[in-house]
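Reading the structure
Residue-level listing of the chains:
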Amino acid sequence: MSTPLGVALSGRAHRLQQALRRRTGEHWEPTDALRRGLLVGVGLVAFGALSHRLDVLLIGAPLLLSTIAGLTRIPSGPVLVRPLPAPRLVDSMRERQLSVEVDCPAGTEVLALRLPEPGKAGPGRVHVVPAGRYRLSCTRGTDGWGEGVVLRTDHLVSGQDCLTMYGPVVGSAARQIVLPPVDPLPAGPLPPRAAGLVGAHRSRRPGDSTELRDIRPFAPGDRLRRVDWRVSLRAGFPISGGLHVRERHAEADADLLLALDTRVDVGRQLGEWSSALGRPAGSGTAPEQASSLDTAVRAAASLAASYLRQGDRVGLIDLGRPQLYLKPGSGARQLLRLRHRLVLSARSAGWSPRPVLAQQLVPAGATVAVLSPFLDDAVAQLAVVAARRGNLVVAIDVLPRPLVADQETPWGEVVLTLVRAERRARLDGLAWHGVPVLPWPGGTPGGRPGGRPGGRPGEDGGHATAAAMLRRLTSGRRPRLARVVR
Amino acid sequence: MTAQHAVPQVAMEDFGPAVPGWVLRLAIAGVSTAIVAVLGAEGAPPAVQVVFLLLAASSVFSPGSAAPGALGGVGALVSTVYHTGAALAPPVLALVVLVHLLHVGCGLAAVVPPRARLHLFTLYRPLRRFLVVQAAVFALAGLVSVLPDGRNPVTVEVLAVLGVAGLAVLAIVQLRRR
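Residues numbered from 1 in each chain as written. Chains lettered and ligands numbered in written order. Predicted model: local features only at pLDDT ≥ 70, side-chain atom pairs only at ≥ 80, totals over all residues. Heavy atoms only, no water.

This part takes up the overall build of chain B. A tally of helices and strands in chain B yields seven helices and three strands. The N-to-C order of helical and strand elements in chain B reads α-β-β-α-α-α-α-β-α-α. Taken over 178 residues, chain B has a buried fraction of 37%. Counted over contacts in chain B with a minimum sequence separation of 6, partners at least 24 positions apart contribute 80%. Accessible surface, chain B: about 9700 Å² in total, of which carbon and sulfur atoms supply 72%. (Helix = DSSP H or I, 4+ residues; strand = E, 2+ residues; numbered from the N terminus. Buried < 20%, exposed > 50% of the residue type's maximum accessible area, 1.4 Å probe, protein only. Contact = heavy atoms within 4.5 Å. Areas by Shrake-Rupley, 256 points an atom, 1.4 Å probe, with all protein chains shown as cover.)

Shown next as structure tokens:
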């Protein structure tokens, strides 16, 4: 029932709504074309009629006629341009179809709409299409990942001959979380086989299985039935040598803990290191422009997928934000959880100045892969401490290469030399402490697998080398210091 | 069938090939230059042509400004100064088309960013209306050409001017109503 008070309130609300729309551009207004058509058209026709100049009248007549024709169908009412609901979580490997609902009132002709470009990051270009009522589908298939706006329907609508226009309006945004891509990695030196409990690799943890792991000197706490008397006698027991015991593997799957260093995100240009990169990690840049965090996240996702495919248990820890710890697990759901957690870690990058790897978060016997550009001593010390605790630690260097000196300063080359020397000393120190260092070639030009047209997965030399080395290191034997990979 | 199902689903490919938005500016540059060339052919001195070339450049870089109106309107008036031949001479007929084309092109270019993608199917309805208006104006010109020359009665002329003014008032009222 409409009371006078209700009518007054609704009228007030309507006026308020109109005022807000005027501020946001969501209203119809005349353009310069309308003023030009009226002024020039009427002026020329009137001048021609008054001065008996048929030529002037004829020149002005089309402007007046088209303006009058446009005024007979002035559009009114709101324009609806909005993205249709899309899945919140998408896989970057799939081509994404997005839809926009367009509903323009009668009398509109031109719609300028911002749509994403296939294969490119960002909100995209403006497309000028006919106005009307339809659902417009577009494709967005970038190589990027992360959380962000995938579609923002900025739009502008105009009537006949663009005499009136509605907008420009900053449209509503559709946000999505795009999971990091999983690059196919080679199967490694050992083919997948049914072994252990589920996975192809057995745990490095000593246990009570029947498979021999190592023979080592007797230590307090060892059971007497584990003593290998034959080896002990050969070693000179009881005269010159001590007792030796046989150590067996545990009946458990191998654990791989990916330790992601999210504290720094740097590119190849040293001049940009002191400032933000200007684009978030994973924004779909070219491989030669990939940042260290982008490379690290892609490497982590690919390694996790490769190990999980063989039934191993994979976990994730963010060295800059340990709260985002994901304990080791197996299966396809774990891969989904891990990729999602990688996005969250990259979003909170740079949160902590010091890396943290708590001992209780690292399972006994787990292999720890530290993915970092190794630009400070703290992360190197962390890797060494983790190795001293008894875990096999592998350092994966994700610094983009080759580094480019800052050309704007005469000290650019000197700084580059210092950075290289510091890193070399740091990585040599890691190797000396038994932590193998594997360069991950994601930041080098052509470093990503599948980048070569027609190439088979895993043919890329850099990734194949790094992945194969990592597999060899984690396949069960403890690496000797002399076999450190550089 | 519900109304939701009646909404057609279209893809970008359905709108035909696309050209960059700056192509429209290029077309405006061509039309503006043609207008200046017509004025030059009518006998306008170089200084006037330079002024109109500046207006043409302003129209290209700022199609939503007053430059296109000045180029078309003042250009038409200037042409009357130097035009001494018949009222329906080829330069005049060329200006009839060019000034209208400039008006429509600048109207569209004012809402199309230079880096946008202009899908050619968008131009179908404006082009059809342009042709209809031009056909009507040329029909009027043909009609006038067969009418006898001579001075009209004052009353008829006053009525004609009042009619034009009435059209303008009607347009303003229509706008204020919106």
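With 16 residues, helix 6 (residues 332-347) of chain A extends 23 Å between its outermost C-alpha atoms, agreeing within 8% with the 22 Å of an ideal straight helix rising 1.5 Å per residue. Gln 334, Leu 335, Leu 338, Arg 339, Leu 342, Val 343, Ser 345 and Ala 346 of chain A are the residues of helix 6 of chain A that are buried. (Expected span 1.5 Å × (residues − 1).)

Pairs may arise between side chains of opposite charge once their charged atoms sit close together. All names here are of chain A. Applying the stated criterion across every chain, the model contains 20 salt bridges over all chains. Between Arg 133 and Asp 103 there is a salt bridge, and its shortest N-O distance comes to 3.7 Å. On the criterion of sequence distance, the pair formed by Arg 133 in strand 7 (residues 133-140) and Asp 103 in strand 4 (residues 96-103) is long-range, its members being 30 residues apart. Take Arg 133: its relative accessible area is 43%, and that puts it in the partly exposed class. The exposure class assigned to Asp 103 is partly exposed, which follows from its relative accessible area of 28%. A salt bridge links Arg 114 to Asp 154, with the nearest nitrogen and oxygen atoms 3.2 Å apart. Pair noted here: Arg 114 is in strand 5 (residues 108-115) and Asp 154 is in the loop between strand 8 (146-152) and strand 9 (155-159), with a separation of 40 residues, a long-range link. Note on Asp 154: relative accessible area 13%, which makes it buried. (Salt bridge = Lys/Arg side-chain N within 4 Å of Asp/Glu carboxyl O.)

Attention shifts here to unusual backbone geometry. Residues and elements named next belong to chain A. Residue Pro 238 follows Phe 237 across a cis peptide bond; omega there is 5°. Here Pro 238 shows up in the loop between helix 4 (229-234) and strand 13 (244-249). With phi around 55°, Cys 162 is a residue other than glycine that occupies positive phi space. Tracing the chain through its elements places Cys 162 in the loop between strand 9 and strand 10 (164-169). Phi is positive for Phe 374, which is not a glycine, with a value near 55°. Positionally, Phe 374 belongs in the loop between strand 17 (367-372) and helix 7 (377-388). Judged by relative accessible area, which is 0%, Phe 374 ranks as buried.

Another aspect to go through is the confidence of the model for chain B. For chain B, per-residue confidence averages 87 on the pLDDT scale, and residues scoring 70 or more make up 96% of the total. Across the assembled chains, the prediction reports ipTM 0.84 with pTM 0.68. (pLDDT = per-residue confidence, 0-100.)

Let us look at the sheet that holds strand 3 (residues 89-91) of chain A. Residues and elements named next belong to chain A. Read across the sheet, three strands follow the order 3-11-8 without closing on themselves; strand pairing throughout is mixed. At either margin of the open sheet sits one strand with a lone partner, and together these are strand 3 and strand 8. This sheet shows a mean twist of 45° between the axes of neighbouring strands, independent of strand direction. Its contacts with the sheet place helix 6 against strand 3, strand 8 and strand 11 (173-179), and it is angled at close to 120° to strand 11. (Pairing = 2+ DSSP bridges. Axes fitted to C-alpha atoms, helices over the stretch in contact; angles between N-to-C directions.)

As a further point, take the environment of Asp 91 of chain A. As for its placement among the helices and strands, Asp 91 of chain A is situated in strand 3. As for Asp 91 of chain A and Val 182 of chain A, which are separated by 91 residues in sequence, their C-alpha atoms are 9.6 Å apart.

With that settled, the discussion passes to the interface of chain B and chain A. Contacts between chain B and chain A engage 61 residues on the former and 55 residues on the latter. With both sides pooled, the region where chain B packs onto chain A buries about 5200 Å², and carbon together with sulfur makes up 70% of that total. The three residues of chain B that bury the most area against chain A are His 103, Val 111 and Arg 129 of chain B, which together make up 12% of that side's buried surface. Taken together, chain B and chain A are joined by two salt bridges. For the salt bridge of Arg 129 of chain B with Asp 161 of chain A, the shortest nitrogen-to-oxygen distance reads 3.1 Å. Where chain B touches chain A, the interface holds 12 residue pairs in polar contact (both at pLDDT 80 or more). Elements with a contribution of two residues or more to the side of chain B that touches chain A: helix 1 (3-6), strand 1 (9-11), helix 4 (67-82), helix 5 (90-109), strand 3 (117-119), helix 6 (124-146) and helix 7 (154-177) of chain B. (Buried area = accessible area lost by both parts, 1.4 Å probe. Polar contact = N/O pair within 3.5 Å; in protein donor to acceptor, adjacent residues only side chain to side chain.)

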